[in-house]
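These are the residues of each chain, in order.
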Protein chains: 2
Amino acid sequence: MSTAPNLISKNKCFGGTVNFYQHQSQTCNGEMRFAIYQPPQAKLERVPVLYFLSGLSCTEENFMVKAGAQQLAAEYGLMLVAPDTSPRNTGIVGEEDDWDFGAGAGFYVDATVEPWASRYRMYSYVVHELPDLIAEHFPVQPDKQGIFGHSMGGHGALICALRNPEQYKSVSAFAPIAAPRRCPWGQKAFTNYLGSDPESWRPYDASELVLIAGYNRPILIDQGTADPFLEEQLLPEVFQQACETVGQPLTLRFQEGYNHSYYFIATFIADHIRYHAAALCS
Amino acid sequence: MSTAPNLISKNKCFGGTVNFYQHQSQTCNGEMRFAIYQPPQAKLERVPVLYFLSGLSCTEENFMVKAGAQQLAAEYGLMLVAPDTSPRNTGIVGEEDDWDFGAGAGFYVDATVEPWASRYRMYSYVVHELPDLIAEHFPVQPDKQGIFGHSMGGHGALICALRNPEQYKSVSAFAPIAAPRRCPWGQKAFTNYLGSDPESWRPYDASELVLIAGYNRPILIDQGTADPFLEEQLLPEVFQQACETVGQPLTLRFQEGYNHSYYFIATFIADHIRYHAAALCS
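Now for a quick tour of the structure. Being a predicted model, the structure only gives us computed values, none of them experimental. (Residues numbered from 1 in each chain as written. Chains lettered and ligands numbered in written order. Predicted model: local features only at pLDDT ≥ 70, side-chain atom pairs only at ≥ 80, totals over all residues. Heavy atoms only, no water.)

### A word on the relation of the copies chain B and chain A
To keep it simple, the criterion reads: Residues reaching a pLDDT of at least 70 in both copies supply the C-alpha atoms on which the copies are superposed by least squares. Every residue pair with non-hydrogen atoms within 4.5 Å of one another is taken to be in contact.
With an RMSD of 0.0 Å, chain B superimposes on chain A once it is rotated by 180° and translated 0.0 Å along the axis. Given the turn and translation reported, the copies of this chain are related as if by a two-fold rotation axis. For chain B, the smallest separation between a C-alpha atom and the rotation axis is recorded for Lys66(B), amounting to 2.5 Å. With an isologous cut-off of 70% or more, the 100% of interface residues of chain B that recur at the interface of chain A puts this contact in the isologous class.

Shown next, in the form of structure tokens:
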């Protein structure tokens, strides 16, 4: 049994509610925050739950206020959960120095290098502690979970699903960091959180994991062609190649002229919600 | 002829583009910013244009990134224009001291009291300079204009339409400051921008204007019942009473449980876009 999370604010939205919570995380040894959208159906019955992992510098708020997901979640009866992207205010020196590492940039790994190892454990938080908390305190069907995300959070969604195919019945991503071992953002974060040996990074690289995962369910990825991070940081073609190697079903859509912003996400969010609903609401 | 505005950023969204511009405003004697959504139809033909005025502390960005209006604007072929809520960086002492006055709080009036009078002229900017600029540099039908807004911007939309019924073919508002002469926000702003004589405030109070305007077109207002500003600051019942007095058609909808946030706006934005489209796209 976990302590009930503390409600910070609530907002009615499309007949349901967008609520913000804080709670004491055992995994991360301190306070964590998340946002949750409970569709109107959740007043009457348990509903499937879809996790969204946000990108660098985001908090638990960005997705809820910018993506426009609630309308579709209300239509299909999906709970939406968006955790913060890292622990914050841990007291670790340098935590706020970089926008692409530390606070706001947990990279969905369990850090093994101090001083990060005791607090920055976003992988276990997202995969274990948070779903347990949600299942205990909100009317969800814990056996009907999907996950998606954007950029760093697209990377997070892919690795969570590939490592836990039974837990996540569906996965999709917007402009994910698809091969973090090979890009500057990933190399910087993994070196600092996991150490300098690239072998230790493999369990957190979707393009490596897919080679051994046997995920068996189709994966949906949208990628804007005008995304300034596409060529250097995101590398979806590496993931696509790996999927082809092992026969992993992948729908990778290059969306002409779209960039890395939430204007891109909002444009295609309905497709993603429907994709997850098809897997979770049957 | 006005100088073309400078493009700051562009973002493809629902087949059109959300662009941000800055330009030198003659009315406000300095730089102003606005955001514009050009729907896909605008690539082929001139389209009607719908202005959105934002609330206290907002910039030209909030509406574009939070309201979820682009999907419907793309469906109906409407241009959306969202100006900033005031001049900024004018050098006026105290401009940034208050969140409900000065920068981010222009209140859509032409200030008559110095030091504000030379720069804070949002009424003329919104009603004259900006529409002229838009008509000159973007593919709009200038005779098909609508206007809506939120809170302080709902007040702004109502007064612009009531004072210029031929210019604005449609008007609606989310949680407007509907009787600013009678509420603390309005009294503070009007005293500072217009002076201490409440008679000088009448031309900027929708509940006064409607008594003499003869607007003749129906007005749509949505108001959340859980809005913390409802009773002290917004006073829609004063506006409703004034409309009844003169037979002004008004649809005032109290939305149960909704607050003052963009979660409220996003929930009902489709209704408002359809309302304006019915008036502008025929």
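What follows picks up the thread again.
### A short note on the sheet that holds strand β5 (residues 79–83) of chain B
All names here are of chain B. Threshold: Any two strands between which DSSP finds at least two bridges are classified as paired. Only DSSP runs of H or I with at least four residues qualify as helices, and only runs of E with at least two residues qualify as strands; both kinds are numbered from the N terminus onward. Between N-to-C directions, angles cover 0 to 180 degrees, with each direction set by a line fitted to C-alpha atoms, over the stretch in contact for helices.
Sheet architecture is open: 9 strands sit in the order β1-β2-β3-β5-β4-β6-β7-β8-β9, paired in mixed fashion. Two strands lie at the open edges of the sheet, namely β1 (6–13) and β9 (250–255), each paired on one side alone. Averaged over all pairs of adjacent strands, the angle between their axes in this sheet comes to 20°, without regard to strand direction. Two strands pair when backbone bridges link them, and strand β2 (residues 16–25) and strand β3 (residues 30–38) are joined in this way by 9 bridges, in the antiparallel orientation. Among the inter-strand pairings, Val18 is bridged to a residue of β3, identified as Tyr37. Contacting β4 (47–53), β5, β6 (140–150), β7 (170–174), β8 (219–224) and β9, helix α9 (residues 262–280) crosses the sheet at an angle of about 170° to β7.

### Thoughts on the sheet that holds strand β7 (residues 168–174) of chain A
An order of β1-β2-β3-β5-β4-β6-β7-β8-β9 (chain A) is seen for the 9 strands of this open sheet, with the pairing classed as mixed. Looking at the sheet topology across the chains shown, the edges are occupied by β1 (6–13) and β9 (250–255) of chain A. Each neighbouring strand pair of the sheet contributes to a mean axis angle of 20°, computed without reference to strand direction. As judged from the 6 bridges shared by strand β8 (residues 219–224) of chain A and β9(A), these two strands associate in the parallel manner. The residue of β9(A) that forms the bridge with Ile221(A) is Leu252(A). In this fold helix α4 (residues 152–163) of chain A packs onto β4 (47–53), β6 (140–150), β7 and β8 of chain A, with an angle of close to 140° to the strand it touches most, β6(A). Contacting β1 and β2 (16–25) of chain A, α9(B) runs over the sheet at an angle of about 25° to β1(A).

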